[in-house]
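What follows is the residue order along each chain.
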Amino acid sequence: MGDKTSNTMWGGRFADGPDAIMEAINASISFDRRLARHDIEGSRVHAAMLARQGIIEDSDAAAIREGLLTILSEIEGGTFRFSAALEDIHMNVEARLKELIGDPAGRLHTGRSRNDQVALDVRMWVRDQADAAITGLTALIDALLAQAEAGADWVMPGFTHMQVAQPVTWGHHMMAYVEMFARDRSRFTDARARMNECPLGAAALAGTGFPIDRDMTAAALGFDRPTANSLDSVADRDFALEFLASAAICATHLSRFAEELVIWSSAQFRFVTLSDRFSTGSSIMPQKKNPDAAELVRAKVGRITGATVAVLTVMKGLPLTYSKDMQEDKEQVFDAADALMLALAAMEGMVRDMTANRDGLRTAAACGFSTATDLADWLVRELGLPFRDAHHVTGALVKMAEDRGCDLSALGLADMQTVHGGITGDVYDVLTVEASVASRRSFGGTAPENVRAAITRWRTREMAADV
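This structure is a prediction, so every number in the text was calculated from the model and none was measured.

1. Re the overall build of the protein chain
- When helices and strands are tallied, the protein chain shows 18 helices and six strands.
- Relative to the globule expectation of 23 Å for 467 residues, the C-alpha radius of gyration of the protein chain, 31 Å, shows a markedly less compact shape.
- Each of the three principal axes of the protein chain carries a C-alpha extent, and together these read 100 × 50 × 40 Å.
- Once local pairs closer than 6 in sequence are excluded, the contacts in the protein chain between residues at least 24 apart make up 73%.
- Taken as a whole, the protein chain presents about 21,900 Å² of accessible surface, with 53% of it coming from carbon and sulfur.
- Of the side-chain charges in the protein chain, 48 are positive and 64 negative, and the distance between the mean point of each set is 1 Å.

This is how it looks when you write it as structure tokens:
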């Protein structure tokens, strides 16, 4: 029944090692090897602290730190031999350290447990991913600002219910996504600030009797402070959940934009042309140019939201403190982070490379009676009609234009006056899409001057953040 070789890392409690099934379900080294750099960094700092506190000899700490650097070099060079029998990255590293330096390796684990060790490693890894997401979002925002700047006054249709609603500007549409992705960036920034507390030194769950210095290790590892409660320190995976939740919201925004790119690049819309770098052809239809990158970005939200729900489900019924269930967080977090970073990079590339069809956008903006609201506003402003009455008059004029197969601006003045006798020739000034967007000067509106002001505010804000 499997390999009965004793696993010395367990100590004397168990005479026999786990059999093959137990080894397979218990081992995490196939995926938690991604934590190697953080595990080794944490161990080097822990060893230095133990020596400074007089808990271990300086010579032992020096040997430990040098041995760990050798192991890191082996892992990064692809020569390190990982063993499933040793379960996880922590025990694989420690076993190799013993092979390299002998007895001093056994002193590394003084004053800590695998429980606070893994809590530290995962927290450091997620912290790095939050930084990567912030960087990726900053690049995407910059690409959107460039698109907005180029087309601040280009007119396009705005939609509600996927029906033409009112004209807007291309720049305004791009700036809508700037706002969205900036909120995503702020969520990752907030999450990073909350997770930046160091659990190392909480040990198994109750702290340790050794005179460790948690402030030293926290500072050396780039944390703001040590965590305040040892039970919470090893039981907490809020930081991973908050990262996943932020990633899921961000992926949802990426998916919405990706959906628009799929629609806009279709032959029916022709609003944008995606570059060949982010498109593919058809194996059978030579005319096809498929927006595969956008479609795959759109799909990534499924993986990321699924990972969020999976980890929430893992954590929902766990009593304090550590349970082996928590091993199941890593693959989900790793996969979600990988998917998010790839989606961010792909979206940034598509936005930077895409070309908007200015004429096509303008033509589409003029369809579907998109200036009907401007007509109603004119009736209120110039003739003093209550808005509901103006709405009724406009609706009658839209019906007339629809029956005649023309746009509102093509109706004759006499025809309009059969619906309301007070209408004058000045009404035609508001029936162009350019006049429509130019009139929307309320704060946050689509007027080109508003768009340019918003771009300037964002450029100033981004430059200030870089200082």
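Text resumes after the structure shown.
2. A look at the confidence of the model for the protein chain
- When pLDDT is averaged along the protein chain, the result is 92; 94% of the residues meet or exceed 70.
- Every residue in residues 1–6 is under pLDDT 50, and counting partners more than four places away or in other chains gives 13 contacts.

3. Description of the pattern of salt bridges
- In this structure the tally under the stated criterion is 30 salt bridges.
- Between Arg237 and Asp329 there is a salt bridge; the shortest N-O distance is 3.1 Å. Taken as a pair, Arg237 in the loop between helix 9 (230–235) and helix 10 (238–264) and Asp329 in helix 12 (residues 329–353) lie far apart in primary sequence, 92 residues in all.
- Owing to a relative accessible area of 0%, Asp329 belongs among the buried residues under this scheme.
- Glu348 is the partner of Arg352 in a salt bridge, and the nearest nitrogen-oxygen pair spans 2.7 Å. In this pair, Arg352 and Glu348 both sit in helix 12, four residues apart, roughly one turn of the helix.
- What makes Arg352 partly exposed here is its relative accessible area of 40%.
- For Glu348, a relative accessible area of 22% translates into the label partly exposed.
- Each member of the salt-bridge network shares a partner with another, and the members are Asp142, Glu149, Glu348, Arg352 and Arg459.

4. Regarding the pairing of strand 1 (residues 155–160)
- Bridge count between strand 1 and strand 2 (residues 163–169): six bridges; the pairing is antiparallel. Across the sheet, the residue bridging to Phe159 is Val164, located in strand 2.
- The turn joining strand 1 and strand 2, which pair antiparallel and follow one another in sequence, is formed by two residues; a positive phi near 55° is taken by His161.

5. A short note on the environment of Met347
- Within the secondary structure, Met347 sits in helix 12.
- A relative accessible area of 0% means that Met347 is categorised as buried.
- Between the C-alpha atom of Met347 and that of Phe278, which follows or precedes it by 69 residues, the distance is 9.3 Å.
- Those residues within four positions of Met347 in sequence are excluded, and the remaining contacts are Leu140, Leu254, Phe257, Ala258, Leu261 and Val297.

6. Focus on the nonpolar core
- Formed by 103 residues in total, the largest nonpolar core has its most connected members in Trp170, Leu254, Phe257, Leu340 and Met347.
- Here this core gets 15 residues from one element, more than from any other, and that element is helix 10.
- Once residues lying within four places of it in the same chain are set aside, the contact partners of Leu254 are Leu140, Phe181, Val297, Leu340, Ala343, Leu344 and Met347.
- Listed in part, the 20 residues of the second largest apolar core include Phe369, Leu379, Leu397 and Val427.

7. Details of helix 4 (residues 58–77)
- Along its 20 residues, helix 4 runs 29 Å from first to last C-alpha, staying within 8% of the 28 Å computed at 1.5 Å per residue.
- Buried within helix 4 we find Asp60, Ala61, Ile64, Gly67, Leu68, Ile71, Leu72, Glu74 and Ile75. The arc enclosing the buried residues of helix 4, seen along the axis, measures out at 160°, which places them on a common side. The exposed residues of helix 4 that point more than 90 degrees off its buried face are Asp58, Ser59, Glu66, Glu76 and Gly77.
- On its buried side, helix 4 packs onto helix 3 (36–52) and helix 5 (89–101).
- Two residues or fewer past helix 4, Gly78 is found with a positive phi of approximately 80°.

8. Let's talk about helix 15 (residues 387–404)
- The end-to-end C-alpha separation of helix 15 is 26 Å, in line with the 26 Å expected for 18 residues at 1.5 Å each.
- Taken together, the buried positions of helix 15 are occupied by Ala390, Val393, Thr394, Leu397, Val398, Met400 and Ala401. The buried side chains of helix 15 occupy one side of the element, clustering within an arc of 160° when seen end-on. Turned more than 90 degrees from where helix 15 packs its buried face, Arg388, His392 and Asp403 sit exposed.
- Contacts from the buried residues of helix 15 go to helix 14 (372–383) and helix 16 (413–419).

Criteria and thresholds
- Residues numbered from 1 in each chain as written.
- Predicted model: local features only at pLDDT ≥ 70, side-chain atom pairs only at ≥ 80, totals over all residues.
- Heavy atoms only, no water.
- Helix = DSSP H or I, 4+ residues; strand = E, 2+ residues; numbered from the N terminus.
- Rg over C-alpha atoms; globule rule 2.2 N^0.38 Å.
- Contact = heavy atoms within 4.5 Å.
- Areas by Shrake-Rupley, 256 points an atom, 1.4 Å probe, with all protein chains shown as cover.
- Lys, Arg positive; Asp, Glu negative; His and termini not counted.
- Charge placed at Lys NZ, Arg CZ, Asp CG, Glu CD.
- pLDDT = per-residue confidence, 0-100.
- Salt bridge = Lys/Arg side-chain N within 4 Å of Asp/Glu carboxyl O.
- Buried < 20%, exposed > 50% of the residue type's maximum accessible area, 1.4 Å probe, protein only.
- Pairing = 2+ DSSP bridges.
- Core = buried A, V, L, I, M, F, W, Y, C linked by side-chain atoms within 4.5 Å.
- Expected span 1.5 Å × (residues − 1).
- Arc of directions from axis to C-beta.

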